Amino acid sequence: MKLTEKQIEVLEILENNSARIPVEDIAKMAELSKAETESILDKLEEMKVLVRYNSVIDWSKVDGHEGVTAMIDVKVAPKRGVGFDEVAQRIYRFKEVMSVYLMSGAYDLSVIIEGRSMNEVARFVSEKLSTLDSVLSTTTHFILKKYKHDGTIFEQNEDDKRIVVSP
Amino acid sequence: MKGTKSYLSKTVEELKPSGIRRFFDLAAGMEGVISLGVGEPDFITPWSVREAAILSLEQGYTSYTANAGLMELREEIAGYMQKSFGVSYSPQSEITVTVGASQALDISLRAILDPGDEVIVVEPSFVSYVPLVTLAGGVPVQVQTLKENGFKILPEQLENAITRRTKAIILCSPNNPTGTMLTGDELNAIAQKAEKYDLLVLSDEIYAELAYDGEYTSFASIREMKKRTILISGFSKGFAMTGWRLGFVCAPEEISQAMLKIHQYAMMCAPTMAQFAALEALKTGKSDVEGMKKSYKRRRNYFVQSLNELGLTCHMPGGAFYAFPSIKSTGLSSEEFAEKLLLEEKVAVVPGNIFGESGEGHVRCSYATSMELLQEAIKRINHFLKQNQKA
């Protein structure tokens, strides 16, 4: 799919700014009118290029909502005709599953699971994931600390270190 | 016994302290200030560059380098200038690595000026030009540019300022504080005058990487101009490396060698770790610079259009990261405006008159700050304008 320069400009602005940025401001940044910007946004949504307006939340700071994230290496037996897609679909439909990637290398699918507790994740792996027909083996890695997520560094001192006025 | 004699040099005593100082003192003690008064990037130096400097320290590169700078760095600079701006300089004899572009400016002026030699400074200008000319024994001749002309010097204005004593002209494009960028044609017109009157041109190209509209032209790339050009640049703005204090100057061999004499006695060499950082910046920093440039351009578009909507008319600056709106509609002087805005709304801007008389009626706003803060600053300026309209 080939996008126009302005469509890419709008996407980059969205990617690098708060999801709450007003359309007027996007328009100014991209040197467009408000109407033009709105129609570009509609078009991008329609093409499913612009999929969702997301927020990055550091849940580890919120008592009672810390949660547990695990990355699971899954080896599967691909099926004739549908390859890995069918088993991937069976996995990503679980609401606990945040991401599923087909990987090159030592295993086939990388699955990211979020749960409320280690127990919950363990139960999901043993009861739901490893019991799927095509799944040959799973290796579960629990995430101990998130330093950087989706390009955003958590726990960083973001203070402006510049002097207030300089030539 | 109380002496009446002053131990200070007359030249220094008569030098005006920078007006920026007062605003710094005023703003420094306040909490919650949104600063648009900063003359440096809001980005931290790219990590690959910082990491290279750390590595150089770990490996023990803590001694002096050659006076003119690490040969490897000068070679990279030569390659970079050729590739980015189409100018070719010999790393052996025409490039000197300096402590920021400021030192480059200082040794350039000291290398070329005799007492009484005149240097044309295009106003509004960076605060250091006039004092540095004076300190080098020269006489600064200020030419005031107008908002109507986009703060560009007209060839006839330049010609009118030239006398028998004129030795050089200092150009800065993209400009601090106006953001104005001169086109190839406009530079050509200046080049013709330089040729006609046999002048040198000190071209301060520190903002060359931050040119947003159209092609950037280096003065030295104009036909026949390399021999008249002292090209000053550095890593501070484009590569977000202000605190490293690393710049460089390219000039014909004779001038370069004269500058090197001053540099070797007064400075010895630029800091070694900063030179290693700069080397990395040239080798791998191009994509970082491109990313920062895109980000500045978007913020410029947002900020300048928003200022204009508020009635603070502002030309679209072609480069750097400054907007230079007129505040004449408020009836306040630039100092009054800046001071009131700071005290009432906690937004720091720099009064235009600090950059020369022709800057009066304007303020310099740096848009090198986050979008969220720019949006908030626009809200506060809007509130300020409404409050002051009523009064």
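Residues numbered from 1 in each chain as written. Chains lettered and ligands numbered in written order. Predicted model: local features only at pLDDT ≥ 70, side-chain atom pairs only at ≥ 80, totals over all residues.

Participant: Before we go on, may I ask you to explain the overall build of chain A in this structure?
Facilitator: Assigned secondary structure in chain A consists of five helices and six strands. Shown N-terminal to C-terminal, the secondary structure of chain A runs as helices and strands in the order α-α-α-β-α-β-β-α-β-β-β. Since a compact globule built from 167 residues should have a radius of gyration of about 15 Å, the 21 Å found for chain A marks it as more spread out than a globular shape. Projecting the C-alpha coordinates of chain A onto the three principal axes gives extents of approximately 60 × 45 × 30 Å. A total of 167 residues make up chain A; the buried ones form 19% of that total. A separation threshold of at least 6 residues defines the contact pool for chain A, and within that pool the share at least 24 residues apart is 55%. (Helix = DSSP H or I, 4+ residues; strand = E, 2+ residues; numbered from the N terminus. Rg over C-alpha atoms; globule rule 2.2 N^0.38 Å. Buried ≥ 20, exposed ≤ 12 C-beta atoms within 10 Å, placed from the backbone. Contact = placed C-beta atoms within 7 Å.)

Participant: Looking at this structure, I do not really get the sheet that holds strand 6 (residues 200–204) of chain B. What am I missing?
Facilitator: Each strand in a sheet pairs with its neighbour through backbone hydrogen bonds, running either in the same direction (parallel) or in the opposite one (antiparallel). Residue and element names in this part refer to chain B. As summarised here, the arrangement of the seven strands in space is 2-8-7-6-5-3-4, forming an open sheet in which the pairing is mixed. At either end of the open sheet lies a strand with only one pairing partner, and these are strand 2 (95–98) and strand 4 (139–144). Strand-to-strand, the axes of this sheet are offset by a mean angle of 20°, without reference to chain direction. In the sheet, strand 3 (residues 118–123) pairs with strand 5 (residues 166–172) via four bridges, with the strands oriented parallel. Each bridged residue has a counterpart across the sheet, and for Glu118 the counterpart in strand 5 is Thr166. (Pairing = 2+ DSSP bridges. Axes fitted to C-alpha atoms, helices over the stretch in contact; angles between N-to-C directions.)

Participant: How do you make sense of the domain arrangement of chain A when you look at a structure like this?
Facilitator: When the parts come together, some accessible area is lost, and that loss is often what is quoted as the size of the interface. By domain assignment, chain A separates into domain 1 (5–46) and domain 2 (59–145). Distance between the C-alpha centres of domain 1 of chain A and domain 2 of chain A: 35 Å. (Domains from an automatic or database assignment.)

Participant: Just to check I follow, could you spell out the domain arrangement of chain B for this structure?
Facilitator: Residues and elements named next belong to chain B. Domain boundaries in chain B define domain 1 (10–45 + 287–390) and domain 2 (47–284). Each of domain 1 and domain 2 has a C-alpha centre, and these two points are 25 Å apart. Opposite the 34 residues of domain 1 that make contact, domain 2 presents 35 residues. Residue assignment for the side of domain 1 that touches domain 2 shows that the elements contributing at least two residues are helix 11 (286–309) and strand 9 (322–323). The greatest single-element share of the side of domain 1 that touches domain 2, amounting to six residues, is contributed by helix 11. Looking at the side of domain 1 that touches domain 2, its residues break down into 16 nonpolar, twelve polar and six charged. (Nonpolar A, V, L, I, M, F, W, Y, C, P; charged D, E, K, R; others polar.)

Participant: Quick question: what am I supposed to make of the interface of chain B and chain A here?
Facilitator: Taken together, the contact pairs 26 residues of chain B with 15 residues of chain A. Secondary-structure elements contributing two or more residues to the side of chain B that touches chain A are helix 2 (20–28), helix 11 and helix 13 (371–390) of chain B. In terms of residue class, the side of chain B that touches chain A is built from 13 nonpolar, nine polar and four charged.

Participant: Can you walk me through the pairing of strand 1 (residues 68–76) of chain A in this structure?
Facilitator: Side-chain positions along a regular strand alternate between the two faces of the sheet. Residue and element names in this part refer to chain A. Here strand 1 runs beside strand 3 (residues 109–115); their pairing, made up of seven bridges, is antiparallel. Looking across to strand 3, one finds that Asp73 is bridged to Ser110. Bridge count for strand 1 against strand 4 (residues 135–142) is seven bridges, and the pairing is antiparallel. For Asp73, the partnering residue across the bridge sits in strand 4 and is Thr139.

Participant: What is the right way to look at unusual backbone geometry in this model?
Facilitator: For residues that are not glycine, phi is negative in most cases, and the peptide bond is trans in most cases. Residue and element names in this part refer to chain B. For the peptide bond that leads from Ser173 to Pro174, omega is -10°, which places it in the cis range. In this structure, Pro174 sits in the loop between strand 5 and helix 8 (184–196). Following Asn176, the chain continues to Pro177 via a peptide bond in cis, the omega torsion being 15°. With respect to the helices, strands and loops of the structure, Pro177 is situated in the loop between strand 5 and helix 8. For Met268, which is not glycine, the phi torsion reads 75° and is therefore positive. Tracing the backbone shows Met268 in the loop between helix 9 (253–266) and helix 10 (272–284).

Participant: Can you help me understand the environment of Lys346 of chain B in this one?
Facilitator: Residue and element names in this part refer to chain B. By the element assignment, Lys346 lies in the loop between helix 12 (334–345) and strand 10 (347–348). Lys346 sits in the partly exposed class, given 17 other C-beta atoms within 10 Å. Put simply, Lys346 and Ser128 are 218 residues apart on the chain and 27 Å apart in space, counted from C-alpha to C-alpha. With near-sequence residues (within four places) excluded, Lys346 lies in contact with Met30, Gly32, Val33 and Ile34.

Participant: Just to check I follow, could you spell out the environment of Gly179 of chain B for this structure?
Facilitator: Residues and elements named next belong to chain B. Mapped onto the secondary structure, Gly179 falls in the loop between strand 5 and helix 8. Gly179 gets classed as buried once you count the C-beta atoms within 10 Å, which come to 30. The spacing of Gly179 and Gly86 is 93 residues in sequence and 23 Å in space, taken between C-alpha atoms. If near-sequence neighbours (up to four positions away) are discounted, Gly179 is found in contact with Pro174, Pro317, Gly318, Gly319, Ala320, Tyr322, Ala323 and Phe324.

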